Amino acid sequence: MKPVRRSAKYWLASLFLLIFACSYAIADRKSSILFVASKPSADYVEVLNSVKQQLEILSPERYEFNTVFRSSEPELKADLAAADFIVTIGTAAADTVFSNRPKAPILSVLITENAFSALTEKHYGSTDAAFAAQVSSICLDQPVMRSIRLAKFLVPESSGVGVMLGPASAHRQAELSKYITDSALQPKFVSINAKDNPINKIEPVLSRSDVFIPISDSRLINIATAKWILHLSYRYKVPVIAFSKSYLKAGALAAIYSAPEDVAKDTVDWLMEPARAKVGSLNKPTHYSLNFNRSVAANLKIKLQTEQFYRDRINLEAR
Amino acid sequence: MAANKRFSSIHSRLLITSLLPLTLLCMVLASYMISNQRVVLLANLKNIGSIAVQQVSSNAEFALYSNNQAMLRDIGESVLDIPSVKGLAFYNLNQDSNVTIGSFDLSVVKGQEEDNLIKPFYADNLWYFYAPITGEDLSLLDYDEGITPEPEMLGWVVVSVTDEILMEQRREGIFAVLVVSTLGLLIAAWIAMRIGRSISRPLENLTETVDTMEAGNLNLFAPEEGPMELRKLASGINQLSTSVRQYNVRMQSEVARATAQLQITLIELEDAMEAQDQFLARMSHELRTPLTAVIGFSKLLAAESDARKREESLRIISMSSNMLLTMIDDILEFSKARAGGFTLEKVSFNIDSWMADLLAIHGPRAEERGLILNYSIDENVPKLLIGDPVRFTQVISNLLSNAVKFTDRGGVTITISCIAAEDKNIVLHCSVEDTGKGIKEEKIPVLFDPFSQEDTSINRRFGGAGLGLSICKSLVQAMGGEIKVRSMLGHGSVFSFTCQLALADKDKTLPQIANPLELRDVKKTLAGVTVLVAEDNPFNQKLIVRLLSAYGAKCLTADNGLEAIKIAEELHLDVILMDIHMPVIDGITACETIVQQSGDSPPIIALTADVTLTEENSMKKAGAEMMLLKPVDEDKLIRSLTKVLPQSGGQPESSGMGLLSTVVPVDELKNALYESLDKLDDQLNNSENASLRGIIHDLMGLSGLYGMSELRELVMQFRADYGSLNAEDNLSRVEEIRQHIKGFVFD
């Protein structure tokens, strides 16, 4: 019986060593992150590089990166299949990746909330189904509350705040109304549909507002209304607090928006918490950028402080 | 014509040249500017219209989109402030005019196709400008990946712009262009006139100056003004004028000098002509005088039967003929001298002998005039000399002849000395001094000129052609000397000359020329000599035949050259005397033929009255030994014959009685002499002295003519003495002369 025991011990020891070696090997394997960007434009590349750099700094040797831009489907499929995590940068990239429905968790950045919802419905049937498929997003839409607070700081004497809502954001009217009211301001909502004459709809509200905040909606609504909002803003001397840097440049007084570095930071934060990837979710951006059009401010005779001043106020208010 | 004349001036042409292209340029520029202005104005109008319609369309987007007619009106009225904009209308997509502002005829636009509206169009004096009004959407999303939608067409706006202002501006522009062009043209014309005048005026001044200069006033100076080229031209004209002026001065000076020279020459010519006229007159007189005597006495001779008178006539004819011959010889000598034709012999001669003969010739004449003839020759003068004794003695003879001729009392002194001697060459100084009337000082310089005598009365008194001294001068110069005269009026004259001669070598005997006077003493003959006398003139022929026959020669005659050739061919001849100018065949040809046809042709002596060297040379070239001039001098003829006849063995015998001695019978001469002596006896016996001197003169003439010098000296002595002798002595002297004649004749 003794040889039998020695053989069993030998086999157990071998098995233990094997398990140890395997676990060591598994524990030592790098996570593969696939970045899929819509286009190699400056903003997209900036987001991409910034994420990579921060990840390298925070967790050196932990990740390996693969970057593709919207390319042919067969190659992309292989990349998607090989990736441990997939980060889509841009709406088109998300559309492409979602259409392949990869098994790896997906994080979509540089995409609006409306676009994410539309794509998940398109490719997963619903946003929840997408969440179930470990599809998450950090959307571009900054919380409206920041704009409301900024409006209050910029135009302290303001009482009425005009807010434009589109079909995609109409459901938030109550929420926003509450925010505004809580800020001791009078909300003035205008809802725009695709077939409406924007001027006819916006002008009455905007002309009676002290500050106007367009809420980001569908692309169509955003494009159709932006010019007239700015036109009316100029005409009625009503400052507009916009949601994009382009809006700001076009004539808005101020804008709170997600700059590429903000998106990168939010992305890194998300990636550093792997658990968050197990369940899909739609996340508001944590980081934001605040900028002013000082020429418009001068025309509107609004004296501005530094951006940091308002940022501190907003952050303080948020706490 | 008037127009051509008007535009022919340089001023007019300059004006035309500058103004015509300028006018054309102005017209072209004005046309271009007007045309360009129209284009610019139209472009401005269109630009105004375009800007207005664009401004309206860009601003009206909001108002049209919002159908805000009040805003549209505000926008539209904002462009009505532009003067040219008359009105405008906004149209929606349904082509309905929402708003019309200002005066705008909608019907005009309504009638237009939509495509035509894109470009501005003109209707009813209005330009219409169209612009669409679009609503352009802005994508204000930061990371928008969608496609930007096309601009939305909202409607359009049409702006009407009037061209009244354009036309007004155009009119103003045209006016301005015309005014500017006219002003420019006027200024250019003014400048052109100024420039033209600045060129033409100096030119006119120059022309005027040149005209004045052309008229002869060269003291003017052309003003140096105007352009550089004209200043240079004026300077050139001034220089030319100065040159011409200087040239004129020089020319005037030259003309004055030439005129003076011409006048001098004219005077000289006149003098020469006068001298020549006088000479011709004298010649005529001198020739006519002896000719008259010859002709007259010849007639008398024919009619006279008295032998004594016939002899007298013959003597006078002979003397006159000799005078004529002397005169003609002088002329020939002078002609030779003028032609440079003196040929000097170079023979040895005894100067004493030649001078003795010369004195013997002139002595009687001097004695006849009661003059004392002195002769002295220095001891340093060699006796034997080499030269041309004939020419040497000819000069002295001429001077001596003149001295005797012009001296009434006193005497004539001949002096010969040697003033220089080197090796075998000597220079003799000869002078002939007389105590005559002398020569006026002013006449001395022209004394040696031909045809000149101190005064015409001299000729009348003394005869002569006035060539003697001129010939002397030429002869002296030919002998390498010079002739001078020194004279004091009323006291006499001294003619002196020098000549170069050579010393004769006593051991060598050069050919000597026999003194012609010596020939008379030589008894030689031409006996046995056959002479052909080829002479067409029968008288000359007869004379020569008789002359030669007297010397014993046998003469044959030929009347022309052909006969001479035939005779020379057929007969033996010792010598031929050949006249040059003969009928049938002349003497030169005949001479040539005779020499050529016969290898041993007889010597030929040419006879001619032609003194030209050309003829002499031709004759010598034809083969003649020598040439003699007519009238034939007996001595020369005989001497020449003896010279060419080698077998003659010496000088021919001369008759010693002169020319007539050979042709006049001795008995006749003797009778004539006796007759004269008888007359003398009669006169002396009858104490009639009236014709005594004439008879003595006749005796002297006959003795001289016949060459009886001793007889002549006896007669001359008698003439000098008969006045102081008594009748018996005179008769004895006559008898002495008769005896001498008898002895001379019979010997």
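Residues numbered from 1 in each chain as written. Chains lettered and ligands numbered in written order. Predicted model: local features only at pLDDT ≥ 70, side-chain atom pairs only at ≥ 80, totals over all residues.

(A) Here's a closer look at the overall build of chain A. Within chain A, the regular secondary structure consists of 15 helices and 12 strands. In chain A, once contacts between residues fewer than 6 apart in sequence are set aside, the share between residues at least 24 apart is 70%. (Helix = DSSP H or I, 4+ residues; strand = E, 2+ residues; numbered from the N terminus. Contact = placed C-beta atoms within 7 Å.)

(B) Broad picture of the overall build of chain B. On a plain count of helices and strands, chain B comes out with 23 helices and 17 strands. Residues classed as buried in chain B amount to 30% of the 747 residues present. Long-range pairs, those at least 24 residues apart, make up 67% of the contacts in chain B between residues at least 6 apart in sequence. (Buried ≥ 20, exposed ≤ 12 C-beta atoms within 10 Å, placed from the backbone.)

(C) A look at the nonpolar core. Among the nonpolar cores identified, the biggest contains 128 residues, and Ile89, Ile241 and Ala252 of chain A together with Val157 and Val159 of chain B are the most heavily contacted of them. In terms of residue count, helix 2 (residues 10-65) of chain B provides more of this core than any other element does, 10 residues in total. The residues contacting Ile89 of chain A, other than those within four sequence positions of it, are Phe35, Val36, Ala37, Ser38, Tyr44, Val47, Leu48, Val109 and Leu110 of chain A. If you look at the next biggest cluster of nonpolar residues, it comprises 36 residues, including Ala534, Ala558, Leu573 and Leu607 of chain B. (Core = buried A, V, L, I, M, F, W, Y, C linked by C-beta atoms within 7 Å.)

(D) Fine view of helix 7 (residues 144-154) of chain A. Residues and elements named next belong to chain A. Judged by how many residues are buried, helix 7 sits mostly within the fold: eight of 11 residues are covered. Taken together, the buried positions of helix 7 are occupied by Val144, Arg146, Ser147, Ile148, Arg149, Leu150, Ala151 and Leu154. Along its buried surface, helix 7 packs onto strand 6 (160-165), helix 8 (173-182), strand 8 (211-214), strand 9 (241-242), strand 10 (254-257) and helix 15 (307-318).

(E) Representation of the interface of chain A and chain B. With 22 residues of chain A in contact, the opposing surface of chain B contributes 14 residues. Every element with two or more residues in the side of chain A that touches chain B is listed here: helix 4 (91-100), helix 9 (198-208), helix 10 (219-236) and helix 11 (245-250) of chain A. Top contributing element to the side of chain A that touches chain B by residue count: helix 10 of chain A, with seven residues. Across the side of chain A that touches chain B, the residue classes break down as 10 nonpolar, eight polar and four charged. (Nonpolar A, V, L, I, M, F, W, Y, C, P; charged D, E, K, R; others polar.)

(F) The arrangement of the sheet that holds strand 1 (residues 85-92) of chain B in detail. All names here are of chain B. Spatially, 2-1-5-4-3 is the arrangement adopted by the five strands of the open sheet, whose pairing is antiparallel. What marks the edges here is a single partner per strand, and that holds for strand 2 (97-102) and strand 3 (121-123). Strand-to-strand, the axes of this sheet are offset by a mean angle of 25 degrees, without reference to chain direction. In terms of strand pairing, strand 4 (residues 126-135) meets strand 5 (residues 152-162) through 10 bridges, oriented antiparallel. Paired with Trp127 across the two strands is Val161, which belongs to strand 5. Contacts from helix 2 reach strand 1, strand 4 and strand 5, with the element oriented near 35 degrees to strand 4. (Pairing = 2+ DSSP bridges. Axes fitted to C-alpha atoms, helices over the stretch in contact; angles between N-to-C directions.)

(G) Quick peek at the packing of helix 2 of chain B against helix 6 (residues 164-214) of chain B. Residue and element names in this part refer to chain B. Two elements in contact, helix 2 and helix 6, have axes separated by 9 Å at closest approach and are oriented at 165 degrees. On the basis of the axis angle, helix 2 is roughly antiparallel to helix 6. Crossing hand, helix 2 versus helix 6: right-handed. Grouping the constituent residues of the contact of helix 2 with helix 6 by class yields 24 nonpolar, 10 polar and three charged. (Parallel < 35°, antiparallel > 145°, perpendicular 65-115°, else oblique. Left-handed = near helix turned anticlockwise from the far one by under 90°.)

(H) Representation of the sheet that holds strand 1 (residues 31-37) of chain A within the structure. Residues and elements named next belong to chain A. Ordered by their spatial adjacency, six strands build an open sheet running 2-1-3-4-5-11, and the pairing between neighbours is parallel. At either margin of the open sheet sits one strand with a lone partner, and together these are strand 2 (63-69) and strand 11 (282-283). For strand 1 and strand 2, the ladder comprises seven bridges, and the chain directions are parallel. Bridge pairing in strand 2 places Ala37 opposite Phe69. Against the sheet, helix 4 engages strand 1, strand 3 (85-89), strand 4 (106-109) and strand 5 (135-138), with an angle of about 145 degrees to strand 3. Across the sheet, helix 12 (residues 260-271) lies against strand 3, strand 4 and strand 5, angled at about 165 degrees from strand 4, the strand it touches most.

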